[in-house]
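# Tertiary structure, described
Listed below are the residues making up each chain.
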Amino acid sequence: QAKERGRNNVCVFDPTLQASILSQTGLIDDLRQAIQRDEFHLLYQPVVSPLQQPQDWEALIRWQHPTRGLLAPAAFIKLAEESGLILSLGQWVLRAACEQLTHWGRVPATAHWSVAVNVSARQFLDPAFAARVQSVIEGSGINPSLLRLELTESMFLTDIEKSILKMQSLRALGVQFALDDFGTGYSSLSYLKRLPLDQLKVDRSFVQGLPGSREDAAITTTILTLARTLGLQVVAEGVENKAQFDFLLQHGCSAFQGYLFGKPMSAQDAASHFPPARQAIAGSE
Ligand code: C2E
Ligand code: MG
Ligand code: MG
Ligand code: MG
């Protein structure tokens, strides 16, 4: 059957499709070498409190491609998943994020900052996932409770029992879990009471329409109520203006992320963008 499909594919000649396949093939080869060539870096976006103080930073990967320029995850994460390269890339991200935690941990004013790392489905579903994460944590010596892993609803479509066990074993070390892009996937609400989660992240697509859209307002306030009842923290993603922020504040949201507070930035800029409080500096001297 594969032969048949192969033959069919050869018959279809679509120059644009072929060009895109070729450029993707090139990209896979590049991706293979990019880790050794040190072409990736992490940016950090603040997650702030109602007083707009950063408490947490989401690590977001970027690829400085030698000829294509700076690439956002949309340009290569899917490819990394399909090729299996996400396993080593995911390890690189975890190591880099833990290294950053170690640096921030040495400065009293930033020692309480935590870091959230995005995990892809293929990475999470890998049987060695929990062991891999544990080995990075132990290798870096970080406080595991400052590491939060962001999962998405689609990961729980298969084998939820195994997923729960995986999460529990990491949670026993202190690692936290967030459910990213909440409301956009296919999860049944019954998962929510079973998954050992700490945080729900309301997807940007719902925040976008606030406060004007009745639908987005209804969905967002329902998620906020649901989270409060379940004892989960809520982060609103993609907050871009004050009207959205005010609406979320009024409805009891306690953590916010979006361009209004800060775009993804280098770790260096993170510390200067939010200069440590005066007392904290005095206290450290
Ligand atoms: P995400 O985890 O939902 O991350 C939030 C995305 O929204 C980021 O895009 C961020 O730059 C963008 N964003 C934040 N605030 C705003 C805002 O106010 N307005 C708008 N329009 N956008 C905002 P980015 O960095 O391009 O990442 C896209 C996605 O790629 C992430 O979505 C995540 O799913 C994935 N990703 C990023 N880094 C990694 C990684 O290290 N590993 C894996 N597996 N996936 C990653
Ligand atoms: Mg995320
Ligand atoms: Mg998100
Ligand atoms: Mg999102």
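Residues numbered from 1 in each chain as written. Chains lettered and ligands numbered in written order. Predicted model: local features only at pLDDT ≥ 70, side-chain atom pairs only at ≥ 80, totals over all residues. Heavy atoms only, no water.

The protein chain carries the name Bifunctional diguanylate cyclase/phosphodiesterase in an unreviewed UniProt entry, which gives Comamonas guangdongensis as its organism.

## Comments concerning the pattern of salt bridges
For the structure on display, the rule yields ten salt bridges. The residue arginine 132 makes a salt bridge to aspartate 126 at a minimum N-O spacing of 3.6 Å. Residue class for arginine 132 comes out partly exposed when judged on its relative accessible area of 27%. For aspartate 126, a relative accessible area of 17% puts it in the buried group. Across the pair glutamate 161 and arginine 194 runs a salt bridge whose closest N-O atoms are separated by 3.1 Å. Here glutamate 161 is found in helix 7 (residues 160–171), whereas its partner arginine 194 is found in helix 8 (residues 189–194), with 33 residues between them in sequence. Judged by relative accessible area, glutamate 161 falls into the partly exposed class, the value being 45%. Arginine 194 gets classed as partly exposed once you look at its relative accessible area, which sits at 40%. Taken together, the salt bridges that share partners define one network made up of Glu58, Glu150 and Lys201. (Salt bridge = Lys/Arg side-chain N within 4 Å of Asp/Glu carboxyl O. Buried < 20%, exposed > 50% of the residue type's maximum accessible area, 1.4 Å probe, protein only. Helix = DSSP H or I, 4+ residues; strand = E, 2+ residues; numbered from the N terminus.)

## Quick notes on the coordination of the magnesium ion (ligand 3)
The coordination sphere of the magnesium ion (ligand 3), as far as protein atoms go, consists of Asp180 (OD), Asp181 (OD) and Glu237 (OE), spread over 1.9 to 2.6 Å. For the magnesium ion (ligand 3), the donor residues sit on a single chain with the sequence spacing D-D-x55-E. A distance of 3.5 Å spans the gap from the magnesium ion (ligand 3) to the magnesium ion (ligand 2), which aspartate 180 bridges by coordinating each metal. In this pair, aspartate 181 is assigned in strand 6 (residues 176–182) and glutamate 237 in the loop between strand 8 (233–236) and helix 11 (242–250), connecting sequence segments 56 residues apart. Overall, glutamate 237 belongs to the buried group, its relative accessible area being 11%. (Donors = N, O, S within 2.8 Å, 3.2 Å for Na, K, Ca; no water.)

## Considering the nonpolar core
If you look at the biggest cluster of nonpolar residues, it comprises 78 residues, and the most contacted ones within it are Phe40, Leu42, Leu147, Leu149, Phe156, Leu197 and Leu200. Leaving out residues up to four positions away in the same chain, leucine 200 has contacts with Leu179, Phe182, Leu192, Ile223, Ala227, Leu232, Gln233, Val234 and Val235. (Core = buried A, V, L, I, M, F, W, Y, C linked by side-chain atoms within 4.5 Å. Contact = heavy atoms within 4.5 Å.)

## Things to note about unusual backbone geometry
Between leucine 210 and the following residue, proline 211, the backbone shows a cis peptide bond with an omega angle of -5°. With respect to the helices, strands and loops of the structure, proline 211 is situated in the loop between helix 9 (204–207) and helix 10 (214–230). In this model, aspartate 38 sits at a positive phi of 60°, which is unusual for a non-glycine residue. The residue aspartate 181 is not glycine, and still its phi comes out positive at about 50°.

## Some words on the coordination of the magnesium ion (ligand 4)
Binding of the magnesium ion (ligand 4) to the protein goes through Asp181 (OD) and Asp203 (OD), at separations of 2.2 to 2.7 Å. In this structure the magnesium ion (ligand 3) is found 3.0 Å away from the magnesium ion (ligand 4), and aspartate 181 serves as a bridging donor for the pair. One end of the pair, aspartate 181, is in strand 6; the other, aspartate 203, is in the loop between strand 7 (199–202) and helix 9, with 22 residues separating them in the sequence. On the basis of relative accessible area, aspartate 203 is assigned to the buried category, the value being 12%.

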